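Here are the chains, one letter per residue:
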Amino acid sequence: MHVAPVGGTAVQDHVALAEIELCGDLMIAASAADEERLSLESIDKVLKVAEERARERPRS
């Protein structure tokens, strides 16, 4: 068994942390939803897909 050494040597994986946050957002939305399952539109809204796509578009 490997145990992390004592001290400030923790490494943060920012991509993994972002994915965990998104999963948490989806779980919260699903638990608050009236329907049995979230629609694709609801999922896109929770994950802010439209905003991300707008940022990726080249500006003219």
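First things first, this report covers the structure right here in the doc. (Residues numbered from 1 in each chain as written. Predicted model: local features only at pLDDT ≥ 70, side-chain atom pairs only at ≥ 80, totals over all residues. Heavy atoms only, no water.)

## Describing the overall build of the protein
Helix and strand counts for the protein stand at 3 helices and 0 strands. The order of α-helices and β-strands along the protein, N terminus first, is α-α-α. Sorting the 60 residues of the protein into buried and exposed places 3% on the buried side. Summed over all atoms, the accessible surface of the protein reaches about 5,900 Å², with 58% contributed by carbon and sulfur. (Helix = DSSP H or I, 4+ residues; strand = E, 2+ residues; numbered from the N terminus. Buried < 20%, exposed > 50% of the residue type's maximum accessible area, 1.4 Å probe, protein only. Areas by Shrake-Rupley, 256 points an atom, 1.4 Å probe, with all protein chains shown as cover.)

## Observations regarding the environment of Lys45
If you trace the backbone, Lys45 turns up in helix α2 (residues 40-46). Expressed as a C-alpha distance, the spacing of Lys45 and Ala29, which sit 16 residues apart in the sequence, is 10.0 Å.

## Some words on the pattern of salt bridges
The full count for this structure, using the stated rule, is 1 salt bridge. The residue Arg55 makes a salt bridge to Glu52 at a minimum N-O spacing of 2.5 Å. Highlighted residues: Arg55 and Glu52, both in helix α3 (residues 49-56), separated by 3 residues, approximately one helical turn. Taking the relative accessible area as the measure of exposure, Glu52 reaches 34% and is therefore partly exposed. (Salt bridge = Lys/Arg side-chain N within 4 Å of Asp/Glu carboxyl O.)

## Quick notes on unusual backbone geometry
Although it is not a glycine, Lys48 sits at a positive phi angle of roughly 55°. Within the fold, Lys48 resides in the loop between α2 and α3.

## Examining helix α1 (residues 14-32)
Over its 19 residues, α1 extends 27 Å from the first C-alpha to the last, a length consistent with the 27 Å expected when each residue adds 1.5 Å. At the N-terminal boundary of α1, the capping side chain belongs to Asp13, with an oxygen 3.2 Å from the backbone nitrogen of Val15. (Expected span 1.5 Å × (residues − 1). Polar contact = N/O pair within 3.5 Å; in protein donor to acceptor, adjacent residues only side chain to side chain.)

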